[in-house]
Amino acid sequence: MLSRKYNRISIILACFLLGFMLAIQFHSTQNSLKYSTQYQRTEELSQRLLATEKERDSLKKQNQKYTQDKNGGLTDAQIIEAGASEVSGPGLVVTVEDSSKKTATDENANLYIIHDEDMLRIINELRAAGAEAISINGQRVVATTEIRCAGPTVSVNNERSAPPFVIKAIGDADTLENAMKMRGGVIDTLSVWGIKIDIAKKTQILLPAYSKGVDFKYTELVEKGGEK
Amino acid sequence: MIFAVLSLTAGAIVGYLCNVTIPGEYSKLFSVALLAGFDAIFGGLKAVSLNNFDNINFLLGFFLNTILAVFMVFIGDNLSIELYYVVLFVFALRIFKNLSYLRHHLIRK
């Protein structure tokens, strides 16, 4: 009887000890999991993810706010004039190409190729005829656009392009065409030198937006009526 | 049997509340010791069911098996022999054997 009691006690003792060890092992496994580098890395990454998501949400909200008043108080006319957006409408496509005439030996070859001045004349003529938006070889012509000789090419918006030049103008197609074909006008003068100018009336032209950044360093706004 | 389970639970609770942790490099040895302890307990229970339980033998087996297992793993680690798996295998096998015997015995009873 006595020995049975001892038996039981010893079993209970051993079991107790085992349970104790089990709990400790469990505990330390959990802990080591928490402090392992992988766990820490996961924690760090998830934290960063959370922060990034928060940032994204706030930016999304901001974006929504800005798109709501996207035009920023500008009228459509102002946007078109600034070239801030793609525009479309009826108009004229003028394709200008160098002359294919052979140069006489004693003549200046420069007379037979397109110059920035010719381009300027064409643009000027189109504007006079009421063109509302113009682009040259995919470069929108805005207030700050230059049309300038750059060696054998012409530079528009600081982008060089070589002939043929495709000038697209939105406006009344008939008026624009008539302006170009005017007697003594651009086509008349240039065709003398064999420079080819094709004109096509289109019911729908798509002009790109002005692609360069607009950054005014020196110009400042003056309040209306502030300084006169 | 019931006493064994109850004391095991009590020990687990006490151990959990003690909030003691083992450093990572010793957790391998400790887990082997744990397994050896389990083996001894199940062996003891089997002996109880067979009515040939010997108190001294049980206690000696419990501690000596545990210490031996830990020692073996320790030696194996130092000699870069993976004795850890061998010990795990042997003890797991024995635990399963003892458990199946206990199950048979309990069902028969």
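From a predicted model like this one, the values you see are computed outputs, not experimental measurements.

Student: I keep staring at the overall build of chain B and nothing clicks. Help me out?
Tutor: For chain B, the count of helices and strands is four helices and zero strands. In sequence order, the secondary structure elements of chain B are arranged as α-α-α-α. When the 109 residues of chain B are sorted by exposure, 27% land in the buried category.

Student: Honestly, the interface of chain A and chain B in this entry has me stumped. Any pointers?
Tutor: Interfaces are often described in size by the accessible area the parts lose on coming together. On the chain B side, the residues contacting the 24 residues of chain A number 31 residues. In terms of residue class, the side of chain A that touches chain B is made up of 13 nonpolar, ten polar and one charged.

Student: Would you take a moment to explain the sheet that holds strand β1 (residues 87–97) of chain A for this structure?
Tutor: To summarise the sheet geometry, strands pair through backbone hydrogen bonds and adopt either a parallel or an antiparallel arrangement. Residue and element names in this part refer to chain A. Read across the open sheet, the five strands follow the order β3-β2-β7-β1-β8; overall the sheet is antiparallel. Looking at the sheet topology across the chains shown, the edges are occupied by β3 (139–141) and β8 (196–207). Mean inter-strand twist for the sheet, computed between neighbouring axes without regard to direction, equals 25°. One ladder, built from four bridges, connects strand β2 (residues 133–136) with strand β7 (residues 165–170); its direction is antiparallel. Within β7, the position partnered with Ile136 by the bridge is Ile167. Against the sheet, helix α5 (residues 173–181) touches β1, β7 and β8, its axis set at about 20° to β1.

Student: Looking at this structure, how should I read the confidence of the model for chain B?
Tutor: The predicted coordinates should not be examined in detail at positions where pLDDT is low. For chain B, per-residue confidence averages 86 on the pLDDT scale, and residues scoring 70 or more make up 99% of the total. Note on the complex model: pTM 0.45, ipTM 0.81.

Student: Explanation requested: the environment of B:Tyr26 in the structure shown.
Tutor: As for its placement among the helices and strands, B:Tyr26 is situated in the loop between α1 (2–18) and α2 (27–50). For B:Tyr26 and B:Val70, which are 44 residues apart along the polypeptide, the C-alpha to C-alpha distance reads 9.9 Å.

Student: Even after reading the chapter, I still don't get the packing of α2(B) against helix α4 (residues 83–108) of chain B, so can you show me in this structure?
Tutor: Between two packed helices, what matters for the description is the angle formed by their axes and the separation of those axes. All names here are of chain B. For the pair α2 and α4, the least separation of the axes is 9 Å and the interaxial angle reads 25°. In this view, α2 runs roughly parallel relative to α4, as classed from their interaxial angle. Judged by the twist between their axes, the crossing of α2 over α4 is left-handed. Contacts between α2 and α4 involve Lys28, Val32, Leu35, Ala36, Phe38, Asp39, Phe42, Gly43, Leu45, Lys46 and Ser49 on the former and, on the latter, Tyr84, Val87, Leu88, Phe91, Ala92, Arg94, Ile95, Asn98, Leu99, Tyr101, Leu102 and His105.

Student: In this structure, what is going on with the packing of α2(B) against helix α3 (residues 55–78) of chain B? I would like to understand it.
Tutor: All names here are of chain B. For the pair α2 and α3, interaxial distance at closest approach is 8 Å and the crossing angle is 150°. Comparing the axis directions of α2 and α3 gives the class roughly antiparallel. At the point where α2 passes α3, the crossing takes the right-handed sense. The residues of α3 that touch α2, namely those facing Lys28, Leu29, Val32, Ala33, Ala36, Gly37, Asp39, Ala40, Gly43 and Gly44, are Phe58, Gly61, Phe62, Asn65, Thr66, Ala69, Val70, Val73 and Phe74. For the contact of α2 with α3, the per-class residue count stands at eleven nonpolar, six polar and two charged.

Student: How should I be thinking about the sheet that holds strand β6 (residues 159–161) of chain A in this particular structure?
Tutor: All names here are of chain A. Here three strands make up an open sheet; going across it, the order is β4-β5-β6 and the pairing antiparallel. Looking at which strands have only one partner, the edges of the open sheet turn out to be β4 (147–150) and β6. With direction set aside, neighbouring strand axes in the sheet form an average angle of 35°. In this structure, β4 lies alongside strand β5 (residues 153–156), joined through four bridges in antiparallel fashion. Within the sheet, the bridge partner assigned to Cys149 lies in β5 and is Val154. Across the face of the sheet, helix α4 (residues 116–128) comes into contact with β4 and β5 while running at roughly 165° to β4.

Student: What is the right way to look at α3(B) in this model?
Tutor: Residues spaced three or four apart along an α-helix face the same direction, because each turn holds 3.6 residues. Residue and element names in this part refer to chain B. Over its 24 residues, α3 extends 34 Å from the first C-alpha to the last, a length consistent with the 34 Å expected when each residue adds 1.5 Å. Among the residues of α3, Phe58, Phe62, Thr66, Ala69 and Val73 are the ones counted as buried. Ser80 occupies a position one or two residues after α3 and carries a positive phi of about 50°.

Student: It is not clear to me how unusual backbone geometry should be interpreted in this structure. Could you clarify?
Tutor: Excluding glycine, most residues fall at negative phi; most peptide bonds, likewise, are trans. Phi angles above zero are rare outside glycine, and A:Asn158 is one such case at about 65°. Counting through the fold element by element, A:Asn158 comes out in the loop between β5 and β6. By the C-beta count within 10 Å, which is 11 here, A:Asn158 ends up exposed. At B:Asn51, a position not held by glycine, the phi torsion is positive, near 65°. Note on B:Asn51: 6 C-beta atoms within 10 Å, which makes it exposed.

What counts, and where the lines are drawn
- Sequence positions are assigned chain by chain, starting from 1 and proceeding in written order.
- Working convention: letters from A go to chains and numbers from 1 go to ligands, in the order in which they are written.
- Residues qualify for local features only when their pLDDT is at least 70, as the model is predicted, and side-chain atom pairs are given and counted only at 80 or more; totals for whole chains, interfaces and linings, by contrast, use all residues.
- Numbering of helices and strands starts at the N terminus; helices are DSSP runs of H or I of at least 4 residues and strands are runs of E of at least 2.
- With C-beta atoms placed from the backbone, a residue is buried if 20 or more other C-beta atoms are within 10 Å of its own, exposed if 12 or fewer are, and partly exposed between those counts.
- Distance between backbone-placed C-beta atoms decides contact: two residues are in contact if it is within 7 Å.
- Each residue receives one of three labels: charged for Asp, Glu, Lys and Arg, nonpolar for Ala, Val, Leu, Ile, Met, Phe, Trp, Tyr, Cys and Pro, and polar for the others, Gly being one of them.
- DSSP calls a pair of strands paired once it identifies at least 2 bridges connecting them.
- Whenever a helix is involved, its axis is fitted only over the stretch in contact; in every case the axis is a line through C-alpha atoms, and angles between N-to-C directions fall within 0 to 180 degrees.
- The pLDDT value tells you how sure the predictor is about a given residue, anywhere from 0 up to 100.
- Angles below 35 degrees are treated as roughly parallel, those above 145 as roughly antiparallel, those between 65 and 115 as roughly perpendicular, and all remaining angles as oblique.
- In a left-handed crossing the near helix is turned counterclockwise from the far helix by less than a right angle, and in a right-handed crossing that turn is clockwise.
- To estimate how far a helix should extend, the number of its residues minus one is multiplied by 1.5 Å.

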